[in-house]
Amino acid sequence: CGFARLTQRGSFERVLEQTQRKLTGYLVLDEDVALNEALAENCFVGLVCVLNKLPLFLVGKPGSSKTLAVQVLAANLQGKQSPSPFFKNFPSVHLFSYQCSPLSTSEAILRQFDMAVRFQAQQSGGDSVTLLLLDEVGLAEHSPEMPLKCLHAMLLDPPVAVIGLSNWALDPAKMNRAVCLHRCEPTATDVELTAFAILSQALLTGTQGVTLSAAGGAELTPLPSLAGPGAAGSARLPTLSGRQGLSVPPPGAPLAVRRQSSGLRRLMPWLRPLSQAYHHVYSNQSELSEGGRDWVGSRDYYALIKLLRLELGHSGRELTPSLLAYALCRNFGGQPRLTRHVLGTFADQLAGAWFAGTAESKREAFTHVALWPVLKLIDANLKADSLTTRHLMLCTQNAAAVGLLRAAGMLNDSRTDVLFSSHFADESELTIIRQVNQVKTAMALGRTVVLVNHDNLYEALYDVLNQRYVLRAGSRLLRIAIGARSQLCAVVKGFKLIVIVEASHALARLDLPLLNRFEKQLLTAADLLSAQQLQLCTQLEAWAAGVCAASGAASMQAVFCGYHLATIASAVMATTGCVGSGEPDLPDEGTVEWIALRARVCAVLVRTLLPLGARVVALSEPAVNAALASVYFEIHADLNSALQKYDPPPSAGLVDDTIMAAASESEGAALLAAFKTSVALDVAPLLLLLTRSPASHLSEPALLDGVAGARTVTLLPLATVPSEEALSETARAYYQAGAHGPAAGGEDPARRPLLVVQADPLSERTRALLPLTMHVLQKERARALANVAEGASLPTVMLVLHLPPGHRSAQRSFSLDLVRPWRVLTL
């Protein structure tokens, strides 16, 4: 009997492996797609289940080729239009996708299932199979509505094929109703073989798969066969000199092909130590990652290999410590502590080829050349090929990265759309759809999109982030999906997606599948400062610590309102500029000019002082302390006094000629002069007022009494604003109505308008709204400035943040950056 041989141990497994290898060998793959063991097995099991309408769950960590397997099957199973002659005899697959998320509902999933069933019923014969794809189905488990309960009945003998993709196993009640293919953690050998396959496939694709034979003819060179599951622990890669499976570009090949081939061959000998180093990082990351969550995934390593291949091909040089460090910082960033560990781990594996000495000296030598400025890494990502380079995620605090990118000149406002997650009361799913359409338009026009704290939009863009393009009529297409609604959208070169998230939120809440689709960097104000500016920050931090100690306060926030680690760096940048907009020209340390500059930055910080620290600002100069405290309490006595000093009527001709003279006397005298002068000189029509008074103290009657006869006040509590559009319209109308000419032209300063926007940023909803509110007010101000008449000025907008003090059992803290054009003060 022909089945007798299957009784031998391992024989049936070998038959399955041979069948899998034969079937997957007919698949047509895109460039840079390697048919490794994970992808081959996913495609084989998926093919069997789709053709037989067997429900299937593909479970595995990010980077285990789950989504890619479905895309490969959909691209190859096109009936008579299939790219492979073998698959022309198979039925075509019609894909219905549902993007699962914590917002999913049972009704929405069933609606998409019913659509797929009705479509299948309309097909004649057996020429087509309908496939329902439940993408990231595990995310739906986070919904309190329990939407996946509908799977119980849906998976019992379904009339269509169903595939669910998840990064973790669902509960057994659902899993036992379908075939479950669970991808295990990759071994170091799996990682090495995959990297080898990526490079080999790229070389074959780039040279059209030809090698020169001894007779000078061309012949097809197959990919080297990969080890099967049983040989994973003992698989060995052939040496570079003895490998016959790699293509050699013919003499007439294009320069780009020859460069790629050169880069591949330079990288091949390093694959084993690179793979072993990555596997060590991957296996031990939870011990070093902040929050104890996974941060590094397979996509990071594959992107590393492709970047090194590209750089080696273009530069024509060998792999160096500096180049490797650059590639590691590009692809393993976002957590400085973890990145340093990554650099050290790779140093242990590779530094022996570059440096002599002990393991400690090798690591130290490697780390010495490994430090790459974050700004250069971001710039490299933004200038790289947007169609192949991963998109960018910036971890920050207080959404400061938007302003930092603008200050560094990395965002072109005319080609950039900034979209915030809106938490206004009247915002609905229509808002998300409108913003998705903005992303769609930007893809088609090659614009940059910046998403700020936009958790509701990420799931819709998973396929965009995968960058696996569908080619139709010469156009590249990517799928955007919101639940059951999905659409292939055109994308052109130049489109870039920048996601800005709070660092704490990314560490604690964002899922690894999303994180691994980005190049990640941690961006703070300090990253935009020169060495001189950082030295100035060090001196200012010592001064601030001295003020805190002299005041007897328990923390810096008890002295400087809104203080956090980036406060001083942001104050220095607001005063002196940043490296992205040109190297700041600072005076030499120790000179009178340096003392004057430091006093000007201190004056910016003094405006945020709470009364506790106002009497000890000059530290060892009691006379100056008394004089400065007198000026401080005079200005900060009440709202009317603060407005008279910080927002005087428009004037001109004010010159800073007192700080330099005072700086030659003492540092305290320079600080006092800078504080007085900054009040007069730095007139800004955007005020940000931090106060410990409750909102009731700034009610409309109290506000009118406080500034009676001085201003025409409009009070706008942020909690009453229904939507972002309503806030924009209010600010736009205010600027249009309040623009006035110079004071010399007869404008009555007693009737100057003032828009007061009130907010309590310690409530969760308002804290989320604050970056959007500041962005809208700043955007409308810039729009009004562009249209204001020559010689005219704009009325003032004041955003008031109420920060009631907490108590021992419920401390309330708030942090804020001192960035232009906002002028921050505490009252």
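Model, not experiment: these values are computed from the prediction.

S.K.: Where do I start with the packing of aromatic side chains in this structure?
M.R.: Note on aromatic pairs: each is described by the distance of the centres and the angle between the planes. Summed over the entire model, instances satisfying the criterion amount to 15 aromatic pairs. Note on Y734 and Y735: the rings are 5.7 Å apart at their centroids and 55° apart in plane angle, and the pair reads as tilted. We classify Y735 as buried; its relative accessible area is 3%.

S.K.: What is the right way to look at the environment of K66 in this model?
M.R.: Among the secondary structure elements, K66 is positioned in helix α3 (residues 66-76). Here the alpha-carbon distance between K66 and L165, two residues 99 residues apart in the chain, equals 6.6 Å. Look past the residues within four positions of K66 in its chain and what remains in contact with it is N42, L58, V59, G60, K61, L165, S166 and N167. Within polar-contact distance, the side chain of K66 engages the backbone oxygen of K61 at 3.3 Å.

S.K.: Help me understand helix α16 (residues 429-445) in this model?
M.R.: One turn of an α-helix holds 3.6 residues; hence residues three or four places apart share an orientation. In this model α16 runs 25 Å from its N-terminal to its C-terminal C-alpha over 17 residues, within 8% of the 24 Å that 1.5 Å per residue would give. Every buried residue of α16 is accounted for by T431, I432, Q435, V436, V439, A442 and M443. End-on, the buried residues of α16 take up no more than an arc of 140°, which puts them together on one face. Exposed residues lying more than 90 degrees from the buried face of α16 are L430 and L445. Next to the buried residues of α16 lie β9 (416-420), β10 (448-452), α17 (455-458), α18 (462-466), β12 (475-482) and β13 (485-490). Of the residues trailing α16, G446 is marked for its positive phi of about 75°.

S.K.: Would you take a moment to explain the environment of V492 for this structure?
M.R.: Looking at where V492 falls in the secondary structure, it is placed in the loop between β13 and β14 (496-502). We classify V492 as partly exposed; its relative accessible area is 33%. Residues V492 and A442, spaced 50 residues apart in sequence, show a C-alpha to C-alpha distance of 9.1 Å.

S.K.: What should I look at first to understand the pairing of strand β1 (residues 56-59) in this one?
M.R.: In summary, the side chains of a regular strand alternate between the two faces of the sheet. Alternating residues of β1 divide into L56 and L58 and F57 and V59, and every residue in both groups is buried. In terms of strand pairing, β1 meets strand β5 (residues 179-182) through 4 bridges, oriented parallel. Across the sheet, residue L58 finds its bridge partner in β5, namely L181. With 4 bridges connecting them, β1 and strand β4 (residues 161-166) associate as parallel partners. Across the sheet, L56 pairs through a bridge with I163, a residue of β4.

S.K.: Teacher, can you tell me more about the packing of helix α10 (residues 298-315) against helix α11 (residues 321-331) here?
M.R.: When two helices pack together, their arrangement is given by the angle between the helix axes and the distance between those axes. The interhelical angle for the contact between α10 and α11, taken along N-to-C directions, is 140°, at an axis separation of 9 Å. Between α10 and α11, the interaxial angle falls into the category oblique. Helix-helix and strand crossings are classified by hand; for α10 and α11 the assignment is right-handed. Contacts between α10 and α11 pair D300, A303, L304, L307, L308, E311 and L312 from the former with L323, L324, Y326, A327, L328, R330 and N331 from the latter. In terms of residue class, the contact of α10 with α11 is built from 10 nonpolar, 1 polar and 3 charged.

S.K.: What is the right way to read the sheet that holds strand β2 (residues 92-99) from this model?
M.R.: Sheet strands line up and pair through hydrogen bonds in the backbone, either parallel or antiparallel. If you trace the 5 strands from one edge of the open sheet to the other, you get β2-β3-β4-β1-β5, paired in parallel fashion. Two strands close off the open sheet at either side, each with one partner strand: β2 and β5. This sheet shows a mean twist of 20° between the axes of neighbouring strands, independent of strand direction. The sheet contacts of helix α2 (residues 37-51) involve β1, β2, β3 (128-135), β4 and β5, and relative to β5 the element is tilted by about 175°. The strands that α3 touches are β1, β2, β3 and β4; relative to β4, the one it contacts most, it runs at about 150°.

S.K.: Help me understand unusual backbone geometry in this model?
M.R.: With the exception of glycine, the majority of residues adopt a negative phi angle, and the majority of peptide bonds are in the trans configuration. Of the consecutive residues R820 and P821, the connecting peptide bond is found in the cis state with omega at 5°. Looking at where P821 falls in the secondary structure, it is placed in the loop between β19 (796-802) and β20 (823-826). You will see that D157, though not glycine, has its phi angle at about 50°, which is positive. Along the chain, D157 falls in the loop between α5 (151-154) and β4. Judged by relative accessible area, which is 74%, D157 ranks as exposed.

The rules we used
- Residues numbered from 1 in each chain as written.
- Predicted model: local features only at pLDDT ≥ 70, side-chain atom pairs only at ≥ 80, totals over all residues.
- Heavy atoms only, no water.
- Phe/Tyr/Trp six-rings, centres within 6.5 Å; stacked < 30°, edge-to-face > 60°.
- Buried < 20%, exposed > 50% of the residue type's maximum accessible area, 1.4 Å probe, protein only.
- Helix = DSSP H or I, 4+ residues; strand = E, 2+ residues; numbered from the N terminus.
- Contact = heavy atoms within 4.5 Å.
- Polar contact = N/O pair within 3.5 Å; in protein donor to acceptor, adjacent residues only side chain to side chain.
- Expected span 1.5 Å × (residues − 1).
- Arc of directions from axis to C-beta.
- Pairing = 2+ DSSP bridges.
- Axes fitted to C-alpha atoms, helices over the stretch in contact; angles between N-to-C directions.
- Parallel < 35°, antiparallel > 145°, perpendicular 65-115°, else oblique.
- Left-handed = near helix turned anticlockwise from the far one by under 90°.
- Nonpolar A, V, L, I, M, F, W, Y, C, P; charged D, E, K, R; others polar.

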